[in-house]
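Secondary and tertiary structure notes
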Amino acid sequence: MDEILSLVGASLDTWDYAKSYLTIVSLGGPFVLNSNCYSNVVRAGGRSSQAMMGQIIGNLLIVVLDPVMILGFGWNIAGAAIAAVIGNVAGTLCYILYFVWGRSTLSVSIKDFTLKDQVCSGVLAIDVPAALGSLLMSVSQIIINSQMTQYDDMAVAGMGVAMKVVTITGMVCMGLGQGVQPLLGCCMGAKLWERFKKALRFSLAFSLALGVVLTVICYLFVNQIVGAFLRTQAPIPTPYNSPASS
């Protein structure tokens, strides 16, 4: 853990906070991973509404529990980590209950596990490119944080706020892309190429328009958006006048 924190750019002022958060979240790692994994599996099975409900339940729990545990119980950063784990546990349980008692065509039973019929190679062929995309996003964030540490912690925090805003807007478009994937897959399987082209053209045009609108909103209302995260405005540091350089 210490080596990872050093790699991602944790400083002396943020080390204890980062280590406390990472310790708790890593202990709940299986639930964090499965909550995200199962949502995509359910969505690929054509059940987009069930996939959305699992994520909504988990994320709403996090939203509700964050202020309660951080401010109400006074647990600080540990409270945020505990809330995140509880939310992901709830999301994972929702998906498991759906697999067991719902109308899913998929199963989580060990007796249905198999490596035959090129199941493993087919899964890896689809999942490895998606995994590489997520991995590269994490690597880029690590590089940004490590480079920002030559300024000060406020610069890292400011970059974190900006990335959160970008993530919120980006997730909207990513959700559109994830939602249209099962439809496109069904069209390909049924060889409904005309419907496939119509769905693809609509999703491309809509996502482009949505991206432009969200970009304009972020540009025009940047002060109001950032004000939701930060209360005061600090001077922009440089490598030459930052506390770290002195």
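Residues numbered from 1 in each chain as written. Predicted model: local features only at pLDDT ≥ 70, side-chain atom pairs only at ≥ 80, totals over all residues. Heavy atoms only, no water.

1. Thoughts on helix α3 (residues 29–44)
Threshold: Under the DSSP-based scheme used, a helix requires at least four consecutive residues in state H or I and a strand at least two consecutive residues in state E, with every element numbered from the N terminus. One less than the residue count of a helix, multiplied by 1.5 Å, gives the span that helix is expected to have. Residue burial is assigned from relative accessible area. The probe radius is 1.4 Å, only protein chains are included, and a residue is buried under 20% of its type maximum, exposed over 50%, and partly exposed in between.
Here α3 spans 23 Å end to end across 16 residues, near enough to the 22 Å set by a 1.5 Å rise per residue. Residues of α3 that are buried include every one of Gly29, Ser35, Tyr38, Ser39, Val42 and Arg43, and no others. Just downstream of α3 lies Gly46, where phi reads positive at about 90 degrees.

2. As for the pattern of salt bridges
Our working rule: Should a side-chain nitrogen of Lys or Arg be within 4 Å of a carboxyl oxygen of Asp or Glu, the pair is scored as a salt bridge.
Under the counting rule described, the total for this entry stands at two salt bridges. For Lys19, the salt bridge is made with Asp2, and the minimal N-O distance between the two is 3.3 Å. Note that Lys19 is positioned in helix α2 (residues 15–27) and Asp2 in helix α1 (residues 2–8), a separation of 17 residues in sequence. With a shortest N-O distance of 3.5 Å, Lys111 and Asp112 are connected by a salt bridge.

3. Focus on a nonpolar patch on the surface
Basically, it comes down to this: The patch calculation keeps residues exceeding 30% relative accessible area without a salt bridge and links them within 9 Å when they carry like charges or within 5 Å when they are nonpolar (Val, Leu, Ile, Met, Phe, Trp, Tyr). What sets the accessible areas is the Shrake-Rupley method with a 1.4 Å probe; for residues, cover comes only from the shown protein chains.
On the surface, Leu208, Val212, Val213, Val216, Ile217, Tyr219, Leu220 and Phe221 cluster together to form a nonpolar patch covering roughly 820 Å² of accessible area. Along the polypeptide, Val216 turns up in helix α8 (residues 193–220).

4. A look at the environment of Met163
With respect to the element layout, Met163 can be found in helix α7 (residues 153–190). For Met163 and Arg103, which are 60 residues apart along the polypeptide, the C-alpha to C-alpha distance reads 38 Å.

5. With respect to the packing of α7 against α8
Between two packed helices, what matters for the description is the angle formed by their axes and the separation of those axes. We count it as follows: Axis lines are fitted to C-alpha atoms, over the contacting stretch for helices. Their N-to-C directions set the angle, which ranges from 0 to 180 degrees. Any angle that falls under 35 degrees is termed roughly parallel, while one over 145 is termed roughly antiparallel, one within 65 to 115 roughly perpendicular, and all others oblique. Whether two residues touch is decided by their heavy atoms; if any such pair falls within 4.5 Å, the residues are in contact. Residue type decides the class: Asp, Glu, Lys and Arg count as charged, Ala, Val, Leu, Ile, Met, Phe, Trp, Tyr, Cys and Pro as nonpolar, and the leftover types, Gly among them, as polar.
Contact geometry for α7 and α8: axes closest at 10 Å, N-to-C directions at 175 degrees. The orientation of α7 with respect to α8, classified from their angle, is roughly antiparallel. Counting all contacts with α7, which are made through Val165, Thr169, Val172, Cys173, Leu176, Val180, Leu183, Leu184, Cys187 and Met188, the residues of α8 involved are Trp193, Arg195, Phe196, Ala199, Leu200, Ser203, Phe206, Ser207, Leu210, Gly211, Leu214 and Cys218. In the contact of α7 with α8, the residues fall into 17 nonpolar, four polar and one charged.

6. A short note on unusual backbone geometry
What you tend to see is this: most non-glycine residues have negative phi, and most peptide bonds are trans. Phi at Asn76 takes a positive value of approximately 55 degrees, unusual for a residue other than glycine. Considering the arrangement of structural elements, one finds Asn76 in helix α5 (residues 76–101). When its relative accessible area of 43% is taken as the criterion, Asn76 is described as partly exposed. For Lys191, which is not glycine, the phi dihedral falls at a positive 60 degrees. Position of Lys191 relative to the elements: it lies in the loop between α7 and α8. For Lys191, a relative accessible area of 59% corresponds to the exposed category.

7. Considering the state of the cysteines
Stated formally: In what follows, a disulfide is any cysteine sulfur pair within 2.5 Å.
Following the criterion strictly, the structure yields zero disulfides and no others. The cysteine Cys173 is free of any disulfide, with Cys218 supplying the nearest cysteine sulfur at 10 Å. Among the residues examined, Cys173 registers a relative accessible area of 24% and is labelled partly exposed. Relative accessible area serves as the criterion here: at 22%, Cys218 is assigned to the partly exposed category.

8. Quick word on the side chain of Thr92
Heads up, the rule is: Contacts described as polar in this section are N or O atom pairs within 3.5 Å, which, within protein, must combine one atom able to donate a hydrogen with one able to accept it, while residues neighboring in sequence count only if both atoms come from side chains.
Looking at the element boundaries, Thr92 is found in helix α5. A polar contact is formed between the side chain of Thr92 and the backbone nitrogen of Ser35, at a distance of 3.3 Å. With residues up to four places along the chain from it excluded, the contact list for Thr92 reads Phe31, Asn34, Ser35 and Tyr38.

All we've got here are geometric facts, nothing functional implied.
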